[in-house]
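Each chain, written out:
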Amino acid sequence: MPQYSVVIPVYNSLNSLGDLTDRLTAVFSGLDASFELVYVDDCSPNPKTWPKLLELSAQPNVRAIRLTRNFGQQAATICGLEHALGDWVITMDDDGQHAPEDIPKLIQERNHDVVIGQLQEKKHTLSKRFFSWVKARFDRIILDKPKGLRLSAFRLIRRETVENMLQLVRTPYPFLPAMMFYVTKDIVGVPVGHFDRSEGKTGYTLRSMFRLFKNLLINNSSLLLRYIGNLGITIALFSFVLGIYFIYKKLFFDIETVGWTSVIVSVLFIGGLVLFTLGVLGEYLIRIINTVERRPLYIVREEVGKNA
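The structure presented is a predicted model; accordingly, all values stated were derived computationally and were not measured. (Residues numbered from 1 in each chain as written. Predicted model: local features only at pLDDT ≥ 70, side-chain atom pairs only at ≥ 80, totals over all residues. Heavy atoms only, no water.)

### A short note on the overall build of the protein
Link 1 in the chain: Broken down by element type, the protein carries 10 helices and 8 strands.
Link 2 in the chain: Out of the 308 residues in the protein, the part that is buried amounts to 43%.
Link 3 in the chain: Sequence-distant contacts in the protein: of pairs separated by 6 or more residues, those separated by 24 or more amount to 85%.
Link 4 in the chain: Total accessible area computed for the protein in this model is approximately 16,900 Å², and 60% of it derives from carbon and sulfur atoms. (Helix = DSSP H or I, 4+ residues; strand = E, 2+ residues; numbered from the N terminus. Buried < 20%, exposed > 50% of the residue type's maximum accessible area, 1.4 Å probe, protein only. Contact = heavy atoms within 4.5 Å. Areas by Shrake-Rupley, 256 points an atom, 1.4 Å probe, with all protein chains shown as cover.)

### Some details on the nonpolar core
Link 1 in the chain: In terms of nonpolar packing, the biggest core is built from 31 residues, with Tyr4, Leu24, Phe28, Tyr39 and Ile103 touching the most fellow members.
Link 2 in the chain: For this core, the leading source of residues is helix α1 (residues 15-31), giving 5 residues.
Link 3 in the chain: Residues in contact with Phe28, not counting those within four places in the same chain, are Tyr4, Val6, Ala33, Phe35, Ile90 and Ile103.
Link 4 in the chain: Counting 28 residues, the second largest nonpolar core, distinct from the first, contains Val89, Leu166, Val169 and Leu176. (Core = buried A, V, L, I, M, F, W, Y, C linked by side-chain atoms within 4.5 Å.)

### A short note on helix α7 (residues 176-183)
Link 1 in the chain: The element α7 is largely enclosed, with a buried count of 6 among its 8 residues.
Link 2 in the chain: All of the buried residues along α7 are Leu176, Pro177, Ala178, Met179, Met180 and Phe181.
Link 3 in the chain: Against the buried residues of α7 lie α3 (73-83), β5 (114-120), β6 (155-158), α6 (159-166) and β7 (187-193).

### Some thoughts on the sheet that holds β6
Link 1 in the chain: What the 8 strands build is an open sheet, ordered β7-β5-β6-β4-β1-β2-β3-β8; its pairing is mixed. Both outer strands of the open sheet, β7 and β8 (300-305), are each paired with one neighbouring strand and no more. Between one strand axis and the next, the sheet turns by 20 degrees as a mean value, whatever way the strands run.
Link 2 in the chain: In the sheet, strand β1 (residues 4-10) pairs with strand β2 (residues 35-41) via 7 bridges, with the strands oriented parallel. Residue pairing across strands places Val10 opposite Asp41, the latter belonging to β2.
Link 3 in the chain: Each of β1, β2, β3 (62-67), β4 (88-91), β6 and β8 touches α3; the most contacted strand, β1, lies at about 150 degrees to it. (Pairing = 2+ DSSP bridges. Axes fitted to C-alpha atoms, helices over the stretch in contact; angles between N-to-C directions.)

### Brief notes about a nonpolar patch on the surface
Link 1 in the chain: Residues Phe269, Ile270, Val274, Leu278 and Leu281 make up a contiguous nonpolar surface patch of about 440 Å² in total accessible area.
Link 2 in the chain: Looking at where Val274 falls in the secondary structure, it is placed in helix α10 (residues 260-292).
Link 3 in the chain: Given the relative accessible area of 43%, Val274 is considered partly exposed. (Patch = residues over 30% accessible without salt bridge, like charges linked within 9 Å, V, L, I, M, F, W, Y side chains within 5 Å. Salt bridge = Lys/Arg side-chain N within 4 Å of Asp/Glu carboxyl O.)

### Details of unusual backbone geometry
Link 1 in the chain: A positive phi angle, close to 55 degrees, is found at Asp32, a residue other than glycine.
Link 2 in the chain: Relative to the helices and strands, Asp32 is located in the loop between α1 and β2.
Link 3 in the chain: Owing to a relative accessible area of 70%, Asp32 belongs among the exposed residues under this scheme.

Structure follows, in structure tokens:
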């Protein structure tokens, strides 16, 4: 079995794959460590991506897995984790923004369960940096992430931790950081570089980032339900007290309550809150149904390479 498995989800990349393979091979040759590269093609729309992976899989340390459709980066990464054989598993992107030459920095801290590469001087767009900042605040609340620890897809994970994480895959909406923090608190970060994409554009649009944030908020915590419940109880108590006040004025002072505008505003507010609550409950219900139906997280079309 190899000492290290490098899991790389692939989406729409081509020219960067050969260079990435050569650089990874050089890094592990310098470390004198056995390794394997596990590429997971998340049904890339570029028709030349899979043929390129077929070409690379002819090398003795390269395996390639092709999914039947686009299941998303989280699912593709978990697919790679389930197929990885190494004592340590490294996850990284395929676009050249994570440098293979930084892997020794992660390995130096392998006395921990998980080592995360903390990206310095991020090359993300302004909107993505803002979204990441907001998400980091919720990570601390929901995942109990230590202050100062920044998450990224560039990480080194101990084999035992990977196996324990995979036991948590019971939903079609997984979130790897939540799985990591549930399994272990022995997680550290090391500074690594962050570089411009070597080709193409990021697949993380605002829509996909919002979907990822929604999965974090709904699938990995009951925070939203608790807040809505507390808000509903507060409004109900306020309405009850206000109703008693109006009845008291009518019975003892014969004062007509005026102010249709305030009534309409109140009705619209309560109605909006009810509809919002129903929407949240609907999201939870959809996830419960999909989980009960046991929909697979991913479906493999083809696997090539050594021992495939």
